There are 2 protein chains.
Amino acid sequence: MREVYVAGIGITSFTRLEYPLVEIAAYPAMMALQDSGLKKVDHVFVANMASGRINHQTGLASAVVDNLSLTPAGAETIENGPASGASAIKAGFMAVASGLHDVVLVTGAERLREVNNLDATDAVATLTHPLAEYIYGVTLPSLAGMFTRLYMKKYGVTSRHLAMVAVKNHDNAMLNPFAHIHQKITLEGIIDSPEAMTNNPMVADPIRFFDCCPVSDGAACLILTTKEVAQKSGHPLVRLAGVGQATDTHAVHDREDPTELLAVRGAAAQAFKMAGVKPSDVDVAELHDAFTILEIVESEEVGFFKKGEGHLALERGETRLGGRIPINTSGGLKAKGHPVGATGVGQAHEIVQQLRGEAGKRQVKDAKTGFTCNFGGFGNNVVCLTFVREG
Amino acid sequence: MREVYVAGIGITSFTRLEYPLVEIAAYPAMMALQDSGLKKVDHVFVANMASGRINHQTGLASAVVDNLSLTPAGAETIENGPASGASAIKAGFMAVASGLHDVVLVTGAERLREVNNLDATDAVATLTHPLAEYIYGVTLPSLAGMFTRLYMKKYGVTSRHLAMVAVKNHDNAMLNPFAHIHQKITLEGIIDSPEAMTNNPMVADPIRFFDCCPVSDGAACLILTTKEVAQKSGHPLVRLAGVGQATDTHAVHDREDPTELLAVRGAAAQAFKMAGVKPSDVDVAELHDAFTILEIVESEEVGFFKKGEGHLALERGETRLGGRIPINTSGGLKAKGHPVGATGVGQAHEIVQQLRGEAGKRQVKDAKTGFTCNFGGFGNNVVCLTFVREG
């Protein structure tokens, strides 16, 4: 299996974007091409979840290739719900690793704010089980609410712990010019005062407003290639060293213990094994905090902390910038934003910036090993990636 | 690059199917698993175009894995318009060729008839250029109409030639129990008589009713794996020997000469080169006859006949069962049906049946080399595959 490297990266602001989806998808691709110094690519993967429904567009990948004047390069759209981005990176990995293609451009893009937030929430809810969940009005926030309640009961996580995730990730987003939400929040403002209950209203008990990620538009791009080609880009060499993926039952209630995220555990274990690194080797990680509880639980399931102890590590500041293992330095889905198909590629973008030493004020000192966890469905299809700086 | 083989196949009838989409997708997968003797797969690719819009379902691949009890195997949905099926096969090829996965299940599925034909036509039209085509009311039949007119003018193709494609493919479909349309038609009935103009009304001048494929539901599945695993299935060994793909401009009017299908030419050339075979080596082919004109033009662009001479070869009976190079023995999209995401996998299913010698009354004697052309967009993203029987 041929080794796979990152030659170029690009990203848009995650925000509300009033451009056609194809242009949103193409923009960071142009940045990534410039960043890599490459002019020609052999294949394009576009990660997107909802364009057929929300943007009235299919064949998005063909549109992107045309917009970028990259014809006759082949192209596909890859959809795996909120994990579409990392799934597209995995596809890019296989394309290069197999030897079929030498230079593969992976761009994730979504334009959800073409519709209102309720329609966007409904569009995302179509990834739940159609007969056992969706028709009963289940949405992602409602699943996250029930999940949070179970986790609180079992492990003593409190609403204050959830708020700590939000505060930390908003702090990080203040240092990220591409983040959706540049708003400093405090524990006092969102949990520790009587006004907090007004500032931070209930969404799906016990989940409050500041426990949820925003609905974002945006796109991010990675160019994957061989070592030889990547070396010519002049950037520090970053290798996509590990790729892991696992699925779990479609309906959450089918799981023996719904507080166990087996797909996260399985995908992370594979991504670490392939890369030959341990969770304790990771210097910086992006976890899929669509809801604050998920950052805590994923930090346990991927192996950074023992099961049930993620909130304690958070409390001790271990996941902050400057902590033992900074998590979501980009601001995470919580504050950087969550343009669904772009999210997984955006996570990888942050890690590559960190490993290259290009993360500015949010740089993790001498980061050498990075990790991403992109969470599809409500944990029914998870993709984890391990990146390693060489040299 | 590791060689890739077909271990199992399965298909539903292409017709109107009143089942949930996930069950439609899973059904041929169960047939393919049984056909292969395998119980475990490492990864699943689902080809689908329109589920987000038409069936109110995303994350279809995760749903299929769950339905088949194949968790924790990873899974993605692959979308490339009408070429989604062959694109998913290409993804499966890369997964096995790279060594990342040993057994990959590729199932293509679509349930278009959940909505009426006009809505289905509109859903498919969303693959056209959103700003240069779609907003002006362009649909696939209208593009095919304009394309046919140009081709008639340039090469002398007549409405009677188009009708010959329809008659041949309806004849073939009569021999295929899984085909959508089991209706014998004649040149007299659809073109050569005064009544024909009533039987076969104009759809998009010069394209008539019997020049268009039906709107179908259906699914088809292929299991791709290594030689070692495939050998255990007990079937004649069929290798996926060549994979080619090329894109062209998104808007058809951007092409220097719209009668040249450069993406077909490019994709076919790659698929032949990788397999080390020539067009003249092909014993049986499935071409993408969503409209009758396309079978004629693709038969030229892939290299079976000289440019502008496909209709003459058709006239001579060379593409009939028993002819020099039988095309669309399955009935083609025209009469077997066109459940968009399933179509490319269905084409491969037919070729594997032919190469195994399992095609019953439509068997091409001693077929050893087979070829498929899956046409995405209006020729803006084309995937061709070459299959070879070994031993």
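Treat the numbers as computed from the prediction; the structure is a model and nothing was measured.

**Some details on the overall build of chain A**
Scanning chain A from terminus to terminus reveals 15 helices and 11 strands. A compact globule built from 391 residues would reach a C-alpha radius of gyration of about 21 Å, and chain A, at 19 Å, matches this within 12%. C-alpha extents for chain A along the principal axes are approximately 55 × 45 × 40 Å. Within the span of chain A, comprising 391 residues, buried residues form 65% of the whole. Across chain A, every contact between residues at least 6 apart in sequence was considered, and the portion connecting residues at least 24 apart equals 77%.

**A short note on the interface of chain B and chain A**
Listed per partner, the contact involves 50 residues of chain B and 50 residues of chain A. For the side of chain B that touches chain A, the elements supplying multiple residues, two or more each, are helix H2 (51-55), helix H3 (60-67), strand E3 (74-79), helix H4 (84-98), strand E8 (237-247) and helix H11 (262-275) of chain B. Its residues assigned to classes, the side of chain B that touches chain A comprises 21 nonpolar, 24 polar and 5 charged. Here 3 bridges tie strand E3 (residues 74-79) of chain A to E3 of chain B, and the two strands are oriented antiparallel to one another. The residue of E3 of chain B that forms the bridge with threonine 77 of chain A is glutamate 79 of chain B.

**A look at the packing of helix H7 (residues 159-173) of chain A against helix H12 (residues 292-301) of chain A**
Residues and elements named next belong to chain A. The geometry of H7 relative to H12 is characterised by a closest axis approach of 8 Å and an angle of 95° between their N-to-C directions. By the angle between their directions, the pair H7 and H12 is classed as roughly perpendicular. Here H7 contributes His161, Leu162, Val165 and Ala166 to the contact with H12, which in turn contributes Thr292, Ile293, Glu295 and Ile296. Counted by class, the contact of H7 with H12 contains 5 nonpolar, 2 polar and 1 charged residues.

**Re the nonpolar core**
Note that soluble globular proteins tend to have their nonpolar side chains buried in a common cluster. Counting 280 residues, the largest nonpolar core has Val64 of chain A together with Val64 of chain B as the members making the most contacts within it. Dropping the residues within four chain positions of it, valine 64 of chain A is found in contact with Val22, Ala25, Ala26, Val44, Val46, Ala75 and Thr107 of chain A.

**Thoughts on helix H5 (residues 117-125) of chain B**
Residues and elements named next belong to chain B. Listed in full, the buried residues belonging to H5 are Ala120, Ala123 and Val124. Take H5 and look down its axis: the buried residues cluster within an arc of 95°, on one side only. Of the surrounding elements, those touching the buried residues of H5 are H2, helix H6 (140-155) and helix H15 (340-356).

**With respect to the environment of glycine 317 of chain A**
Structurally, glycine 317 of chain A can be placed in the loop between helix H13 (310-315) and helix H14 (332-335). Once the C-alpha coordinates of glycine 317 of chain A and leucine 68 of chain A are considered, the two residues, 249 residues apart in sequence, prove to be 44 Å apart.

**Focus: the relation of the copies chain B and chain A**
With an RMSD of 0.0 Å, chain B superimposes on chain A once it is rotated by 180° and translated 0.0 Å along the axis. As the rotation angle and translation indicate, the two copies are arranged about a two-fold axis. Residues of chain B ranked by C-alpha distance from the rotation axis are headed by serine 98 of chain B, positioned 1.8 Å from it. When the interface residues of chain B are mapped onto chain A, 100% of them again fall at the interface, so both copies present the same face.

**Brief notes about unusual backbone geometry**
Look at the link from aspartate 205 of chain A to proline 206 of chain A: it is a cis peptide, with omega at 5°. Along the chain, proline 206 of chain A falls in the loop between strand E5 (202-204) and strand E6 (207-208). The phi torsion at histidine 56 of chain B lies on the positive side, around 60°, for a residue other than glycine. With a phi close to 55°, serine 69 of chain B is a non-glycine residue in the positive phi region. Assessed through the 10 C-beta atoms surrounding it within 10 Å, serine 69 of chain B is described here as exposed.

**Thoughts on the packing of helix H1 (residues 21-36) of chain A against helix H3 (residues 60-67) of chain A**
Pairs of packed helices are described in terms of their axes, by the angle between the two and the distance that separates them. Residues and elements named next belong to chain A. Relative to each other, H1 and H3 sit at 60°, their axes nearing to 9 Å. Regarding the angle of H1 to H3, the classification is oblique. The handedness of the crossing between H1 and H3 comes out as right-handed. Of the residues in H3, those in contact with Leu21, Val22, Glu23, Ala25 and Ala26 of H1 are Leu60, Ala63, Val64 and Asn67. Across the contact of H1 with H3, the residue classes break down as 7 nonpolar, 1 polar and 1 charged.

**Digging into helix H1 (residues 21-36) of chain B**
All names here are of chain B. A rise of 1.5 Å per residue sets the reference length of H1, with its 16 residues, at 22 Å; its end C-alpha atoms lie 23 Å apart and thus fit the reference within 8%. Buried residues dominate H1, accounting for 12 of its 16 residues. Turning to H1, the residues buried within the fold contact strand E1 (5-11), strand E2 (43-47), H2, H3, strand E4 (103-111) and strand E7 (217-225). Where H1 ends, the next residue or the one after it, glycine 37, has phi of about 80°, a positive value.

**Things to note about the pairing of strand E1 (residues 5-11) of chain A**
All names here are of chain A. Burial analysis of E1 places 7 of its 7 residues in the buried class, which makes it a mostly covered element. Pairing geometry for E1 and strand E7 (residues 217-225), over 6 bridges, is antiparallel. In the sheet register, isoleucine 11 faces E7, and the bridge partner there is alanine 220.

**Topic: the environment of histidine 182 of chain A**
Residues and elements named next belong to chain A. On the secondary structure map, histidine 182 appears in the loop between H7 and helix H8 (187-190). Spatially, the C-alpha atoms of histidine 182 and valine 104 are 33 Å apart, while their sequence positions differ by 78 residues. Leave out the neighbours within four places in its chain, and histidine 182 touches Ala173 and Met174.

**What to know about the pairing of strand E11 (residues 381-390) of chain B**
Residues and elements named next belong to chain B. Most of E11 sits out of view: 8 of its 10 residues are buried. Of the strand pairs in this sheet, E8 and E11 are connected by 10 bridges, and their pairing is antiparallel. What sits directly across from glycine 242, in E11, is threonine 386. Bridge analysis of strand E10 (residues 369-376) against E11 gives 8 bridges, and the strand direction is antiparallel. Across the sheet, the residue bridging to cysteine 373 is cysteine 384, located in E11. Hairpin connection, E10 to E11: the antiparallel pair is bridged by 4 residues, and glycine 377 has positive phi, about 60°.

**Observations regarding the confidence of the model for chain A**
Looking at chain A as a whole, the pLDDT averages 97, with 100% of positions reaching at least 70. Quick note on the complex model: pTM equals 0.98, ipTM equals 0.97.

Cut-off values and rules
Residues numbered from 1 in each chain as written. Chains lettered and ligands numbered in written order. Predicted model: local features only at pLDDT ≥ 70, side-chain atom pairs only at ≥ 80, totals over all residues. Helix = DSSP H or I, 4+ residues; strand = E, 2+ residues; numbered from the N terminus. Rg over C-alpha atoms; globule rule 2.2 N^0.38 Å. Buried ≥ 20, exposed ≤ 12 C-beta atoms within 10 Å, placed from the backbone. Contact = placed C-beta atoms within 7 Å. Nonpolar A, V, L, I, M, F, W, Y, C, P; charged D, E, K, R; others polar. Pairing = 2+ DSSP bridges. Axes fitted to C-alpha atoms, helices over the stretch in contact; angles between N-to-C directions. Parallel < 35°, antiparallel > 145°, perpendicular 65-115°, else oblique. Core = buried A, V, L, I, M, F, W, Y, C linked by C-beta atoms within 7 Å. Arc of directions from axis to C-beta. Least-squares fit on C-alpha atoms with pLDDT ≥ 70 in both. Left-handed = near helix turned anticlockwise from the far one by under 90°. Expected span 1.5 Å × (residues − 1). pLDDT = per-residue confidence, 0-100.

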